[in-house]
Amino acid sequence: DIVEKSEQKAKAEVELVATKEAKEAAMLELEQLSNYNAELHQSCDFVLKNFDLRQAARDEEVEALRQAKAILSGAKFEEFLQQ
């Protein structure tokens, strides 16, 4: 009976060690996920904060390209070549 209980205790101790290791691994993974979540949140906040500014800058670029296209469409390249 003592031998049987000793075996049960040894198995329980092995299970305890394995469970503690699994818990530590899970906690580490949770910490890493939490850090990643914080990084994503910071990145998204930056994008949202600067969205209107970036959209305005992009609209200005598009308008500048349209003006350049209009100017070049009406340009006479022969005049540029003779200079």
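Residues numbered from 1 in each chain as written. Predicted model: local features only at pLDDT ≥ 70, side-chain atom pairs only at ≥ 80, totals over all residues. Heavy atoms only, no water.

A.B. asks: Mind showing me how you'd approach the overall build of the chain here?
C.D. replies: The helix and strand tally for the chain stands at 2 helices and 0 strands. The proportion of buried residues among the 83 residues of the chain is 1%. In the structure as shown, the chain presents an accessible area of about 8200 Å², 59% of it carried by carbon and sulfur atoms. (Helix = DSSP H or I, 4+ residues; strand = E, 2+ residues; numbered from the N terminus. Buried < 20%, exposed > 50% of the residue type's maximum accessible area, 1.4 Å probe, protein only. Areas by Shrake-Rupley, 256 points an atom, 1.4 Å probe, with all protein chains shown as cover.)

A.B. asks: What should I look at first to understand the pattern of salt bridges in this one?
C.D. replies: Side chains that differ in sign of charge can pair as their charged atoms come close. Counted according to the given criterion, the structure contains 2 salt bridges. Note that Lys 9 and Glu 13 form a salt bridge whose closest N and O atoms lie 3.8 Å from each other. Here the residue Lys 9 and the residue Glu 13 both occupy positions in helix α1 (residues 2-74), the gap between them amounting to 4 residues, near one helical turn. Owing to a relative accessible area of 42%, Glu 13 belongs among the partly exposed residues under this scheme. Arg 58 is the partner of Glu 61 in a salt bridge, and the nearest nitrogen-oxygen pair spans 2.9 Å. Here Glu 61 pairs with Arg 58, and both are found in helix α1, just 3 residues apart, close to one helical turn. (Salt bridge = Lys/Arg side-chain N within 4 Å of Asp/Glu carboxyl O.)

A.B. asks: Even after reading the chapter, I still don't get a nonpolar patch on the surface, so can you show me in this structure?
C.D. replies: Residues Met 27, Leu 30 and Leu 33 make up a contiguous nonpolar surface patch of about 310 Å² in total accessible area. Counting through the fold element by element, Leu 33 comes out in helix α1. The class for Leu 33 is partly exposed, based on a relative accessible area of 48%. (Patch = residues over 30% accessible without salt bridge, like charges linked within 9 Å, V, L, I, M, F, W, Y side chains within 5 Å.)

A.B. asks: Explain α1 to me, please; I cannot follow it from the model alone.
C.D. replies: Along an α-helix, residues three or four positions apart point the same way, because every turn accommodates 3.6 residues. Helix length check: α1, at 73 residues, gives a terminal C-alpha distance of 102 Å against a target of 108 Å (1.5 Å per residue), a fit within 8%. In the structure, α1 departs most strongly from a straight axis at Phe 51, where the bend amounts to approximately 55°. (Expected span 1.5 Å × (residues − 1). Bend = angle between axes of the 7 residues up to and from the residue.)

Purely geometric stuff here, so don't read any function into it on its own.
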